[in-house]
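Breakdown of the fold
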Amino acid sequence: MPVTTTSAPRLRKPGGAEAGLPASAPRPPARVRVRSTQWAALGFLAPLIVYLLACYAYPLYRNIDLSLHDYTVRSFVQGGADFAGLENYRDVLTDDGFLPALRNTFLFTFVSIAAQYAIGLALAVFFRNNFRLSAVLRGMFLVPWLLPLIVSGSTWAWMLNSDNGIVNTVLESFGAGRINWLTDPGWALVSVIIANIWLGVPFNLVILYSGLQNIPEELYEAAALDGANAWQQFWRITFPLLRPVSGITLLLGLVYTLKVVDVIWIMTTGGPGGASTTLAVWSYREAFGTGLPDFSPAAAIGNLLLLIALAFGFLYLHLQRRQERT
Amino acid sequence: MTRLPRPARTSLALGAALCTLAGAAACSSSASSGEGGDGGPAGAYTWWDPYPQHDDSSGWAQRVAKCGTEAGVTIERTAYDTTALTNQALLAAQEGTSPDIILLDNPAVSTLAETGMLTTMEEFGLDTSGIDENLLAAGVLDDQAYGIPIGANTLALYYNQQVLDEAGVDPASVTDWDSLTAALEQVTGAGHKGITFAAIGTEEGSFQFLPWFWGAGADLRDLSSADAVEALELWSGWLESGYAPNSVINNSQNTTWEEFLTGDFGFALNGTWQVNSAAEAGFPTGVLPVPAQDGGAAPAPTGGEFITAPVQDDTARYEVTKKIVECMTTPEGMVETATTFAYYIPPTADGQQQLLADSPDLRPWVDAVRVARGRTSDNLGTDYPKISEALWTAVQKALSGAADPADALAEAQAAAEDEIG
Amino acid sequence: MTALTQPVRRRHRARWKTVLGIALTAAMLFPVYWMVNVSLTRTEDMRSDPPHWFPWNPTLEGYANVLDDQLPAMTTSLGIGVGCVALTLLVSAPAAFALAKLRPWGAGPLTFVLLVVQMIPGVVMAIGFYAVYVRLGWLNTVWGLILADSTIAVPFGVLVLTAFMTGVPGELLQAARIDGAGRWRTFVSVVLPLSRNALLTVSLFTFLWAWSDFIFASTLSRNADAVPVTLGIYAYIGNNTTQWNSIMATAVVASVPAAVLLVVAQRYVAGGVVAGAVKD
């Protein structure tokens, strides 16, 4: 077997549905076949590669450039910013706000995606059984996504207002005390997480539901014949076969959640006093939250987030490969 | 999925790719290589302002258009929301495509002047000596004026006459902090809510805190002074005593006003821009100057926009630009602006006299604007945004109970010094 | 499923599920209800304590404003959304097929690039596009916005479609090959139909992102020619005042056509496509 196929990192995992079936590329006429496949693959990838270069090369370069120079508003307009090396990164890492922001980022991200995924999967399994109105209701679940974030964020802030919010009104009518959702340093992060979970559930529901659609019905029928109950069917069929889709959903969820700014900004502006400031919010505040745009530290924070996302990207590929091997 | 559109799309993307690379190179070499304007027709002058609420058919748009016609050109007006406007101005300046005129929120003037993208009024030969000095100061950097205020507004205390009557409070008795706090006690004792203000973690939070901060005699160069601590203790004391709702920590000025309109509150800190809305409220209202700690009116920060003229490659354009600026800043023009918006006080003595002749009930606001103070004055310039960020963070920490006022302000002073360097 | 009791029990169970489904949907959509509520509330009642569950004293002022001002913006938004979907599918579907089934060299690094580019802050992307569009004269064009908005969706599209296409059974591709189909034919007539769910999913999200984009629109498009709804809303946010009922009303009105589109699209996600194909 030529080096080419074995060294190429594979982005594929044969679904359990075809477990035991031969791999898609037939082996015999190895070298020729592989080369022509490579050319074909390149052909299929060409639009994407051109697209990536066209749309992202400059912004990516710009973000790194910004973070390595000491841009003031003046040098942003006139050019000629001083090269600062890793100075901006050092400033960010040694800032008093860094550790709390990092902690908030991890709490916000992991609680959000764990809850979004769990709720999304539960709903996807629930909606898998076609019942009256199921398609319409599933469509309705996407409605929150149609709202501009300024609207959904404001609505949540409205509902969670300490004094005239509907949530506290309900709590009080049950005899529970008022909670200062957005203005208590202990609750502000919880509040934005709740709103963010709400925003993320439709995304998880739709992707996981589509994933479920690709699991052959026969497997469930066979399992039912073997006497497996719904719980066992979920853990033995649904969950394992959904793994590739789950993996990508979680990874994308992570990437999107890491960079969330709008919801937090609209609801609490990262406050009170930094209690709900994540790295992304901090970056945004440096660049646009004050009267004086400070792009260099903002870009440095942005690049740190990028590194975090990359680390999880590695983890994803690693897990995927390990699974491929087994 | 047809094959057909694919080549078209690919060439499109390729074009963008080449241009992206070209753009990167051009960007780093020269800043002002653009063609000027957003590709509008020749003879058109571009105008940006932060009033998206006034569409093309509004009185404001017509007024802008008229100034263009008088100068012999058409004006292409684009409205941005306030934050987007500053960012867009920076971007356009970087690409050398600045508009001919930008109306800027006053604290942004010194920031943009700092970049070198604005012309001075002196270069234009415009006389700024008639403008009230306290109002012009926000646009002055190193003794040069970079714009002319087209109107000014500021903060004062609105009160709900009905609520005060029921609580037995005479608004005239509110002259200093103690009498205000006593009035709040009476109002809440009568089953109403005391006061609402905005302490949100943005510039608005600092804007609303400044009258109290300055009213205590504190200085923005020293956030941790005893005076500053007393001002913050006044606010946090109100929250602890229940005179102000906890939600003020997250309130924007707009939310504050909505709360006041419910009719539950005795007082609300808000600006000139709510004059019309107050008149239409379902209850009688009145206005008091924000009291200073020991009596008298505290200086409130000025708000309002400046008309500025960004640097152009083609300096021949300045002649017409000057005419447009003049059209907007004559005493009549100022009064017209004031009435178009229904909330701007003209920044010249002449203009103020004319405005008062037309609408005498604006008297308290004219007085308030006369004693108001620019946030970026005293040559604070681009240090102000950094100080302001430290200040609103301290206010938020103190009000939410994360730190006591003295500690929060000490921390703020350290942060501000660190930032300014 | 021939047992006589089965259909009866099934129907009973299904009804129970519909009820639960409606309850869940209602809970999910409560914030949306609240938005509708606010859109009908007069300004002076908006912050009343306790809040009104129902707009007893409704005002239609917000809706009147919206119908006057926002219809062209909605058309623009729809056009941008649809254009964005087309562009995204054209770029990402072939690429995903290659990544999932052709084992190209450099697939791993490419996946990384796809992850990295999604982490570039939207604002930086917008600044980059601005620099390019100023030179091309593409500012304030629908085309320009479509290309810019698609950058949110293309990496997503490739990654999701790849994950789904790896699930297409290899033997189907081989069968096509044996029938003499080239890779393009295999892709178009075997893989794409089998990936209908995934394509629809990607389309949905692409549309939704394009629909709700604000950053690109606010940086790249300000003239009346290409103002989408998200920007239209800002007409109601003055620098000192906010007309909440108009903002919320815009959101309500704007979501109606898009919601219809979503519900219709959802109905077309047919069950068990792959299973059916394998059986045949």
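The rules behind these values
Residues numbered from 1 in each chain as written. Chains lettered and ligands numbered in written order. Predicted model: local features only at pLDDT ≥ 70, side-chain atom pairs only at ≥ 80, totals over all residues. Heavy atoms only, no water. Helix = DSSP H or I, 4+ residues; strand = E, 2+ residues; numbered from the N terminus. Buried < 20%, exposed > 50% of the residue type's maximum accessible area, 1.4 Å probe, protein only. Areas by Shrake-Rupley, 256 points an atom, 1.4 Å probe, with all protein chains shown as cover. Contact = heavy atoms within 4.5 Å. Axes fitted to C-alpha atoms, helices over the stretch in contact; angles between N-to-C directions. Parallel < 35°, antiparallel > 145°, perpendicular 65-115°, else oblique. Nonpolar A, V, L, I, M, F, W, Y, C, P; charged D, E, K, R; others polar. Domains from an automatic or database assignment. Buried area = accessible area lost by both parts, 1.4 Å probe. Polar contact = N/O pair within 3.5 Å; in protein donor to acceptor, adjacent residues only side chain to side chain. Pairing = 2+ DSSP bridges. Salt bridge = Lys/Arg side-chain N within 4 Å of Asp/Glu carboxyl O. Phe/Tyr/Trp six-rings, centres within 6.5 Å; stacked < 30°, edge-to-face > 60°. Lys NZ or Arg CZ within 6 Å of the ring centre and 35° of its normal. Patch = residues over 30% accessible without salt bridge, like charges linked within 9 Å, V, L, I, M, F, W, Y side chains within 5 Å. Lys, Arg positive; Asp, Glu negative; His and termini not counted. Charge placed at Lys NZ, Arg CZ, Asp CG, Glu CD. Disulfide = S-S within 2.5 Å. pLDDT = per-residue confidence, 0-100. Bend = angle between axes of the 7 residues up to and from the residue.

With that settled, consider the overall build of chain C. Helix and strand counts for chain C come out as 14 helices and zero strands. Mapped in sequence order, the helices and strands of chain C form the string α-α-α-α-α-α-α-α-α-α-α-α-α-α. In chain C, buried positions account for 61% of the 280 residues. About 10,700 Å² of surface is accessible on chain C, with carbon and sulfur atoms providing 66% of the total.

Of the regular secondary structure elements, chain B holds 17 helices and eleven strands. Scored against the burial criterion, the 421 residues of chain B give a buried share of 62%. The contacts of chain B with a sequence gap of at least 6 include a subset with a gap of at least 24, amounting to 76%. In the form shown here, chain B has an accessible surface area of approximately 14,900 Å², with 49% of it arising from carbon and sulfur atoms.

All names here are of chain A. The geometry of helix 13 (residues 243-258) relative to helix 16 (residues 295-325) is characterised by a closest axis approach of 10 Å and an angle of 175 degrees between their N-to-C directions. Put simply, helix 13 runs roughly antiparallel to helix 16. In this structure, helix 13 contributes Arg-243, Gly-247, Ile-248, Leu-251, Leu-254, Val-255 and Leu-258 to the contact, and helix 16 contributes Leu-305, Ile-308, Ala-309, Phe-312, Gly-313, Tyr-316 and Gln-323. When the residues that make up the contact of helix 13 with helix 16 are grouped by side-chain class, the tally is ten nonpolar, three polar and one charged.

All names here are of chain C. Per the domain assignment, the segments making up chain C are domain 1 (1-59) and domain 2 (62-279). With both sides pooled, the region where domain 1 packs onto domain 2 buries about 690 Å², and carbon together with sulfur makes up 70% of that total. The largest contributions to the domain 1 side of the interface with domain 2 come from Met-35, Ser-39 and Met-46, which together make up 60% of the buried area. Remark: the boundary between domain 1 and domain 2 carries two residue pairs in polar contact (both at pLDDT 80 or more).

Glancing now at the sheet that holds strand 10 (residues 285-288) of chain B. Residue and element names in this part refer to chain B. Sheet architecture is open: four strands sit in the order 8-9-7-10, paired in mixed fashion. The open sheet terminates on both sides in strands that have one partner only, identified here as strand 8 (193-196) and strand 10. Put simply, the sheet's adjacent strands are angled 20 degrees from each other on average, direction ignored. When strand 8 meets strand 9 (residues 265-271), the two strands line up parallel, connected through three bridges. Each bridged residue has a counterpart across the sheet, and for Lys-193 the counterpart in strand 9 is Phe-265. Sitting on the sheet, helix 8 (residues 203-215) touches strand 7 (155-160) and strand 9, and the angle it makes with strand 7 is about 90 degrees. Helix 10 (residues 253-261) contacts strand 7, strand 8, strand 9 and strand 10 of the sheet and is inclined by roughly 150 degrees relative to strand 9.

Residues and elements named next belong to chain B. Taken in spatial order, the five strands make up an open sheet running 2-1-3-11-6, and their pairing is mixed. Two strands in the sheet have a free side with no partner beyond their single neighbour: strand 2 (74-79) and strand 6 (148-149). Examined bridge by bridge, strand 3 (residues 101-105) and strand 11 (residues 305-308) share four bridges and lie antiparallel to one another. Looking at strand 11, one finds that Leu-104 is bridged to Phe-306. In this fold helix 12 (residues 318-329) packs onto strand 1 (44-49), strand 2, strand 3, strand 6 and strand 11, with an angle of close to 45 degrees to the strand it touches most, strand 1.

Counting residues at the interface gives 100 residues for chain A and 111 residues for chain C. Roughly 10,000 Å² of surface becomes buried between chain A and chain C when both sides are summed, with 75% attributable to carbon and sulfur atoms. Counting across the chain A and chain C interface gives one salt bridge. Measuring nitrogen to oxygen at the nearest pair gives 3.9 Å for the salt bridge that ties A:Arg178 to C:Asp49. The tally of links between chain A and chain C comes to 14 residue pairs in polar contact (both at pLDDT 80 or more). Ranked by residues supplied to the side of chain A that touches chain C, first place goes to helix 2 (residues 30-68) of chain A with 19 residues.

Another aspect to go through is the packing of aromatic side chains. Inspection of every chain in the model, using the stated rule, returns 61 aromatic pairs over all chains. Here the aromatic rings of B:Phe209 and B:Phe213 are separated by 6.0 Å at their centres, their planes lie at 55 degrees, and the arrangement is tilted. Highlighted residues: B:Phe209 and B:Phe213, both in helix 8, separated by four residues, approximately one helical turn. The exposure class assigned to B:Phe213 is buried, which follows from its relative accessible area of 0%. Grouping aromatic residues by their ring pairs yields a cluster made of A:Tyr71, A:Phe76, A:Trp265, A:Tyr284, A:Phe288 and A:Phe295. Here C:Arg47 stacks its cationic end above the ring of A:Trp158, 4.0 Å away from the centre of that ring.

So, about a negative patch on the surface. Together, A:Asp95, A:Asp96, B:Asp219, B:Asp222, B:Asp378, B:Glu417, B:Asp418 and B:Glu419 make up a negatively charged patch on the protein surface. Position of B:Asp219 among the secondary structure elements: in the loop between helix 8 and helix 9 (226-241).

Residues and elements named next belong to chain B. Their axes nearest at 9 Å, the elements helix 8 and helix 16 (residues 383-400) cross at an angle of 85 degrees. Considering the angle they form, helix 8 stands roughly perpendicular to helix 16. Counting all contacts with helix 8, which are made through Glu-203, Ser-206, Phe-209, Leu-210 and Phe-213, the residues of helix 16 involved are Tyr-384, Ser-388, Leu-391, Trp-392 and Val-395. In the contact of helix 8 with helix 16, the residues fall into seven nonpolar, two polar and one charged.

Another aspect to go through is the domain arrangement of chain B. All names here are of chain B. When its domains are assigned, chain B resolves into domain 1 (44-152 + 303-371) and domain 2 (155-300 + 382-420). Taking only C-alpha atoms, the centre of domain 1 and the centre of domain 2 are 29 Å apart. Overall, the association of domain 1 and domain 2 removes approximately 1,100 Å² of surface from exposure, summing both partners, and the carbon and sulfur fraction of that is 71%. Run the count over domain 1 and domain 2 and you get zero residue pairs in polar contact (both at pLDDT 80 or more). Sorting the residues of the side of domain 1 that touches domain 2 by element identifies helix 4 (106-114) and helix 15 (363-371) as the ones contributing at least two each. In terms of residue count, helix 4 provides more of the side of domain 1 that touches domain 2 than any other element does, three residues in total.

The next subject is the pattern of salt bridges. Residue and element names in this part refer to chain A. Going through the model one piece at a time under the given rule, you end up with 20 salt bridges over all chains. One salt bridge connects Arg-62 with Asp-65, and the closest N-O pair in it is separated by 3.2 Å. Placement of both Arg-62 and Asp-65 in helix 2 is noted, with a separation of three residues, approximately one turn of the helix. Of the two residues examined, Arg-62 and Asp-65, each falls in the buried class.

Attention now goes to the state of the cysteines. All names here are of chain B. Under the criterion given, the structure shown has one disulfide over all chains. A sulfur-sulfur separation of 1.9 Å characterises the disulfide bridge that pairs Cys-67 with Cys-327. Its S-S torsion of about -75 degrees marks the bond between Cys-67 and Cys-327 as left-handed, since a negative value means left-handed. Taken together, the residues span a long stretch of sequence, with Cys-67 in helix 2 (residues 59-70) and Cys-327 in helix 12 at a distance of 260 residues. On the accessibility criterion, Cys-67 (2% relative accessible area) is buried. In this structure Cys-327 comes out as buried when scored by relative accessible area, which is 15%.

Moving on to the confidence of the model for chain B. For chain B, mean pLDDT is 87; residues scoring 70 or higher make up 90% of the total. Note that pLDDT drops below 50 for residues 1-41 of chain B; the model gives that stretch 61 contacts with residues more than four away or on any other chain.

Largest kink in helix 7 (residues 142-165) of chain C: about 45 degrees, centred on C:Thr151, with the proline C:Pro155 one to four residues after it. Taken across its 24 residues, helix 7 of chain C has 21 buried, putting it largely inside the fold.

A few words on the pairing of strand 3 of chain B. All names here are of chain B. Among the five residues in strand 3, four count as buried, and that is most of the element. Summarising the sheet, strand 1 and strand 3 pair through two bridges and their orientation is parallel. Bridging across to strand 3, Trp-47 finds its partner in Ile-101.

So, about the side chain of B:Gln293. All names here are of chain B. Along the chain, Gln-293 turns up in the loop between strand 10 and strand 11. What makes Gln-293 buried here is its relative accessible area of 17%. For Gln-293, the contacting residues outside a window of four places in its chain are Asp-176, Trp-177, Gly-215, Ala-216 and Glu-230.

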